[in-house]
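Tertiary structure, described
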Amino acid sequence: MKTPQSFKKKLLASLITTSLVGVTATLPVTALAASADATLRGNTAPHAQVVIREIATGLTRKTESNGHGVYVLLGLPPGTYTVHAGHGPEQKVKLNVASTVTLNLQTASESKATELAAVKVSAQTINIQDMNTSQVGSYVSLHQIQNMPAASRNFLQFADTVPGMVFSRSANGDTSLQAGGMADSAINVYIDGVSQKNMVLQGGIVGQNASQGNPFPQLAIGEYRVITNNEEAEYGMLSSAAIVASTKSGTNKFKGNVFDSFNSTGLRAATPAENAAGKKTPSTDKDFGFDFGGPIIKNKAHFFIAYEGKKFNTPTTVVPFAPQVYVNQLPASVLSQVGPANLPFLENNWFAKIDYEPTDSDRFVLETHIRNETSISGVGGILTPSAGLNTINFQKTADLAWEHNGYDWFNRLEATWQDAAYQPTPIMLGIGNAYTAAVNTNYPLNPNQIMLQTGNSPLAQQYKGQRGIGIFDHFTYDGLQWHGSHVIKAGFNLQRVTLTAQDAGDSNALFYYKVSPTTGTESIPYQAQFGAPVPGLSPVSVSNNTLFDAFLQDTWTFNKHWTFNVGVRADYDRTPAYLNYVTPAPVLAALNTQAPGAATGITYAQQLAQGGININNYISNGSNRSAKLHFSPRLGFAYDIDGNQKHVIFGGIGRTYNHNLYDLLQVEQTKYVLSQPTVYFGTASQPCLSGQTPCYAWNPSYLSIPALQALVAGSFAGKEVDMMPNNLKTPYSDQFSIGMRNQIGEWNTSVAVTRVLSYDGLTGFLGNRAPGGAFWVHEPWGGVGQPWTYPLPGFGNLILWGNSLRTSTTQLLLSAQKPYTEESGWGMTVAYTYTHARWNMDNQALNNNYSFDAEYPYQYPFIGEPVAKSRIVIAGTLKGPWDIAMGARLTLATPIPGVNLACYGDLNSPSGCIPVAATPQGSQFLVGGRIWGYRDFSVQFTKNFKLWGLNAYARADIINLFNWHNYSSYIENYGSNGVLNKYPVQYNPLGEISGYPRYVKLTVGVQF
């Protein structure tokens, strides 16, 4: 037994180690962490030794109960253990990832009268649920991952068996995970405690922006927890949900698995576009991989390695965004690219892990993850194959952790390294074309909406990356007894991460042509966009960021009924590229230039002030911006009604801070250094307007990028200017929850009501103002428009940025889960989510960051978000006859509203247009009305058999068995003369679909 004196020495050593870590913080670092380990606590006899042993690896931990008989075992990797107190009976217990569970243990004297019961208990595994947590969410088990039907190997696709989560696959194969009515960038994913946050791009997770790939080898994932609301203080850089996953480890036995999956054109149904074209686009889909692990030193050291490859061609559809009368007038060479298209993709995904336990108190873990993707992307919708991108996407990480158990404390010290980048390059370098609608009173279309595009703008060539190394430390102490027992957690993370962003290139130009439903496509373009570098300045923005966060939280078990969680978190983010930026002198000079069309002596800055814009709030001198330290409190409770973990009322409130994506912050620099100016050419249907400069008479020589660049050489004419606010804020959300969870027989049920209010989302809005400060101006054709023809003198449009985006989401979350057991042979999960979500935006994409349709973003009305109101997922697994494992999954969701700016002559708007969220009619599911916008029923069958003495299997996944078409594009007809149509939005039956058409995936594998 450890003495209190030896404990104090160990604790002192840990604190010294923590201090040394702080000294090393000057090194470049990048890491953000939270615990993925489990905590087991309970009651037994006073001063009894409690021993727990992981069955597969032999990992052993010991502690001693205190004078009240309370014991706590900290820092336990998820797994199946045997545990006993003194010489009492062993119990077999399954501990889940990131859980704190209670198990009361008998000693030898207490077990004499119940020996038979003890024997019975030791023969089965107790899967203890984390009932007394105030966090909202649930678990996804390894059994569910392995046995539920799945079309891909993305382990996050099973997260939506937890209410509040939505996993989606777009028509081009890209996947995303979002929660709480917010964009995917609001989530954070932790793997073995290490954050996978994407600090540069959308997607939430590194590598998941516009990717068809998988964030991690599914073979390497053991299980994960989904926390949808009221996360504890150790979780940060998020404003919606946290996913905490644990990886597999090698065991005392050599084990492995090899698999190969296949799908081809003949094993899938045609998409609606393919049906219309009368033929399928050839496609293939292959997943393959292996894992292998075992002992290096039995009970001491183990290794595990996993690899998964992915190679496929995904069919997509090119669909013009315009009525057919316009489409008929497009050039034949352009129309030849309309219809089915293909997206080839290749991914290699590796993971390796070594763990070493030299003593019963110490454990070292070394992990590495390497992911490489190459693909053709950016095709589908209005983008033709010639507008596609060659995309390289890679991620490399390494983590080294030291875990140490003391008398009643636990410490985890970890160092990490990461290098990740996303690099799209246009397939076709040079000249591309975009086609927009000419003004026609019979067809009130948005004249700026592209109906079809071939080729790419200079914005298509990008490089976005994050790289660095880092250190974090987490300390847990359970020795405090004061009005009950306490588990204190404290930790800090220090990061130095180099963020890199190139926003454009100068090898592409995009010409715009007007299309009339009566006279056809004009022969000359009305404008062109191209890349124009500033000599001597780099188009790549680099920022060596410093991030620091620290947290302190107390899980206080007051008595057998009440448990409280009180915590606070501090976050600090320093971005030098933003803080040290100096507004260029030519921009300052332009702001103080005479405003065109204004009264003599009125500068453009004064014209902006007349419109309510104080431009001084955006002018940076390199020292008038500051980084901020944010504090976010978290408070939760759980009330166990009977004190037996059967019926628990829980709830909480808390604040969580996310971060501003560097992809947005860097435009202030890169738009100036390598801007994308637009020059204009007067045409019959689109003449150059007053203030729309520079305007040139068309010359065929301009079909050359050097010739275009020569037009603006030595000037800034047509170049966009972006300006960030000096008081930039950090996006955050306030979360509220109340609910009740129950254990009823073998079923775990939960009902919860959550509310999430998010604030300070970053958005760009049009800064241009007309003479007198006006935003709404009368157009030559009689309508009212925005002041696009009044740019910053000598430059192009002025884009100002601010923290004005807000969302408001209330959800009802219902779940019922019967975990799978070998004894019963079946398991089932039912998850229902009702969502009422509103925001001040009018875009179909939740991750949109531009607000050009109002004078200021805060003037946008709150309308419905593009999320389904009702969503239900029912999933089950069954151990069938003849050693066949079966799984099924039903997903139903009401239609997603079509969100856009509706132009129908609304008298309450200066332009006659207002933001609208209109819900299309859905489809029927077997019985009932047309209320469903998404329907999917999928099944899988796995036959296990022996092959040359090995365990082999053959599997068939049938996705979307009934081949329901889940349309994801819309036909809009809002109305006219101020009257909004009853059904202004309907699904496009020839357009893109989300998810899959009916899709059969065949898999064979061998386990050894």
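Refer to the structure presented above.
Notes on the structure follow. Since we're looking at a predicted model, the values are computed, not measured. (Residues numbered from 1 in each chain as written. Predicted model: local features only at pLDDT ≥ 70, side-chain atom pairs only at ≥ 80, totals over all residues. Heavy atoms only, no water.)

In terms of helices and strands, the chain carries 13 helices and 58 strands. Over its C-alpha atoms the chain spans a radius of gyration of 30 Å, differing by no more than 12% from the 30 Å that the globule rule assigns to 1008 residues. Every one of the 1008 residues in the chain was classed for burial, and the buried ones make up 59%. Long-range contacts, defined here as pairs at least 24 residues apart, represent 73% of the contacts in the chain between residues at least 6 apart. Roughly 38,300 Å² of accessible area belongs to the chain as shown, and the carbon and sulfur atoms make up 60% of that amount. One way to put it: in the chain the 66 positive side-chain charges average out to a point 4 Å from where the 64 negative ones average out. (Helix = DSSP H or I, 4+ residues; strand = E, 2+ residues; numbered from the N terminus. Rg over C-alpha atoms; globule rule 2.2 N^0.38 Å. Buried < 20%, exposed > 50% of the residue type's maximum accessible area, 1.4 Å probe, protein only. Contact = heavy atoms within 4.5 Å. Areas by Shrake-Rupley, 256 points an atom, 1.4 Å probe, with all protein chains shown as cover. Lys, Arg positive; Asp, Glu negative; His and termini not counted. Charge placed at Lys NZ, Arg CZ, Asp CG, Glu CD.)

Our next topic: the sheet that holds strand β2 (residues 49-54). With mixed pairing, 5 strands are arranged side by side in an open sheet as β3-β2-β5-β6-β8. A strand with exactly one partner marks an edge of an open sheet, and here the two such strands are β3 (60-64) and β8 (125-127). Averaged over all neighbouring strand pairs, the angle between strand axes comes to 30°, with direction disregarded. Strand direction decides the pairing type here: strand β5 (residues 79-85) and strand β6 (residues 91-95), joined by 5 bridges, are antiparallel. By the bridge assignment, Thr80 is partnered in β6 with Lys94. (Pairing = 2+ DSSP bridges. Axes fitted to C-alpha atoms, helices over the stretch in contact; angles between N-to-C directions.)

Note on placement: Thr763 falls in strand β40 (residues 747-766). Each C-alpha atom of the pair Thr763 and Phe351 lies 37 Å from the other, and the pair is 412 residues apart in sequence. Thr763 has contacts with Leu800, Trp801, Gly802, Ser804, Leu805, Met841, Asn849, Tyr850, Ser851 and Pro857, leaving out every residue within four places of it along the chain. Within the local environment of Thr763, its side chain forms a polar contact with the backbone oxygen of Asn849, the two atoms lying 3.3 Å apart. (Polar contact = N/O pair within 3.5 Å; in protein donor to acceptor, adjacent residues only side chain to side chain.)

Counting residues in hydrophobic clusters, the biggest one holds 32 residues, and the most contacted among them are Phe155, Leu156, Met165, Leu177, Tyr224 and Ile243. Mapped by element, the contributors of at least two residues to this core are β10 (165-169), β11 (175-179), β12 (188-191), β14 (221-229), β15 (242-247) and β18 (301-318). At 3 residues, the largest contribution of residues to this core is made by β14. Once residues within four sequence positions are removed from consideration, Ile243 is found in contact with Leu156, Met165, Leu177, Ile187, Asn188, Val189, Tyr190, Tyr224, Arg225 and Val226. Judged by nonpolar contacts, the second largest core, of 26 residues, contains Val318, Ala341, Tyr435 and Ala509. (Core = buried A, V, L, I, M, F, W, Y, C linked by side-chain atoms within 4.5 Å.)

Moving on, we get to a positive patch on the surface. A cluster of basic side chains, namely Arg53, Lys253, Lys255 and Lys298, defines a positive patch on the protein surface. For Lys298, the location among the structural elements is in the loop between β17 (284-297) and β18. (Patch = residues over 30% accessible without salt bridge, like charges linked within 9 Å, V, L, I, M, F, W, Y side chains within 5 Å. Salt bridge = Lys/Arg side-chain N within 4 Å of Asp/Glu carboxyl O.)

Here the focus is the sheet that holds β14. Pairing is mixed across the open sheet formed by 5 strands, whose spatial order is β9-β14-β15-β12-β13. A strand with exactly one partner marks an edge of an open sheet, and here the two such strands are β9 (136-140) and β13 (194-195). Direction of pairing for β12 relative to β13: antiparallel, over a ladder of 2 bridges. Opposite Tyr190, over in β13, you have Ser195 as the bridge partner.

A few words now on the pattern of salt bridges. By the definition in use, this model includes 29 salt bridges. As a salt-bridge pair, Lys310 and Asp287 come within 2.9 Å of each other at their nearest N and O atoms. Of this pair, Lys310 sits in strand β18 while Asp287 sits in strand β17; the two residues are 23 residues apart in sequence, bridging distant segments of the chain. The same class applies to Lys310 and to Asp287, which are both buried. Here Arg412 and Glu403 are joined by a salt bridge, their closest N and O atoms 2.3 Å apart. Here Arg412 matches Glu403 in class, with each residue buried. Connected through shared salt-bridge partners, Glu357, Arg363, Glu403, Arg412 and Glu414 make up one network.

Moving on: the state of the cysteines. Under the definition given, this model contains 2 disulfides. For Cys688, the disulfide goes to Cys695, at an S-S distance of 1.7 Å. Torsion about the S-S bond of the Cys688 and Cys695 cystine: about 80°, corresponding to right-handed handedness. Classification of Cys688 by relative accessible area gives partly exposed; the value is 24%. (Disulfide = S-S within 2.5 Å.)

Our next topic: unusual backbone geometry. Within the chain, Asn299 stands out as a residue other than glycine whose phi angle is a positive 65°. Within the secondary structure, Asn299 is located in the loop between β17 and β18. Positive phi values are uncommon outside glycine, yet His483 reaches one of about 50°. As for its position among the elements, His483 is in the loop between β25 (463-477) and β26 (485-502).

One pass over the structure, following the stated rule, counts 46 aromatic pairs. Considering the side-chain rings of Trp801 and Tyr850, the 5.1 Å spacing of their centres and the 65° angle between planes classify their relative orientation as edge-to-face. Here Trp801, found in strand β43 (residues 798-818), pairs with Tyr850, found in the loop between β44 (826-839) and β45 (863-864); they are 49 residues apart in sequence, far enough to count as distant. Classification of Tyr850 by relative accessible area gives partly exposed; the value is 32%. One aromatic cluster is present, formed by Trp482, Trp556, Phe558, Trp562, Phe564, Phe637 and Tyr639 through successive ring pairs. Its guanidinium or amino end placed over the ring of Phe259, Arg153 lies 4.4 Å from that ring's centre, counting from NZ or CZ. A cation over an aromatic ring shows up here: Lys818 above the ring of Trp826, its NZ or CZ 4.6 Å from the ring centre. (Phe/Tyr/Trp six-rings, centres within 6.5 Å; stacked < 30°, edge-to-face > 60°. Lys NZ or Arg CZ within 6 Å of the ring centre and 35° of its normal.)

Moving on, we get to the pairing of β2. Here 5 bridges tie β2 to β3, and the two strands are oriented antiparallel to one another. From the neighbouring strand, Ile52 faces β3, where its bridge partner is Arg61. Between β2 and β3, which follow one another and run antiparallel, lie 5 residues, and Gly58 among them has a positive phi close to 85°. Looking at chain direction, β2 and β5 are connected through 5 bridges and run antiparallel.

To continue, consider the side chain of Asn748. Position of Asn748 relative to the elements: it lies in strand β40. Setting aside anything within four residues of it in sequence, one finds Asn748 in contact with Gln129, Asn742, Gln743, Ser815, Ala816, Gln817 and Pro819.

Quick look at the environment of Phe564 now. In this structure, Phe564 sits in strand β32 (residues 562-574). Judged by its relative accessible area of 23%, Phe564 is partly exposed. For the pair Phe564 and Asp554, spaced 10 residues apart in sequence, the C-alpha separation works out to 7.8 Å. When neighbours within four sequence positions are excluded, Phe564 is seen to be in contact with Asp554, Thr555, Trp556, Phe558, Gly636 and Phe637.

All right, on to a nonpolar patch on the surface then. Together, Ile296, Ile297, Ile354, Tyr356, Phe364, Leu366, Leu400 and Trp402 make up a nonpolar patch on the protein surface, roughly 710 Å² of accessible area in all. Looking at the nonpolar patch, the elements with two or more residues in it are β17, β19 (339-356), β20 (362-377) and β21 (389-405). Along the chain, the position of Ile297 falls in strand β17.

So far we have only geometry, and geometry alone does not tell us how the molecule works.
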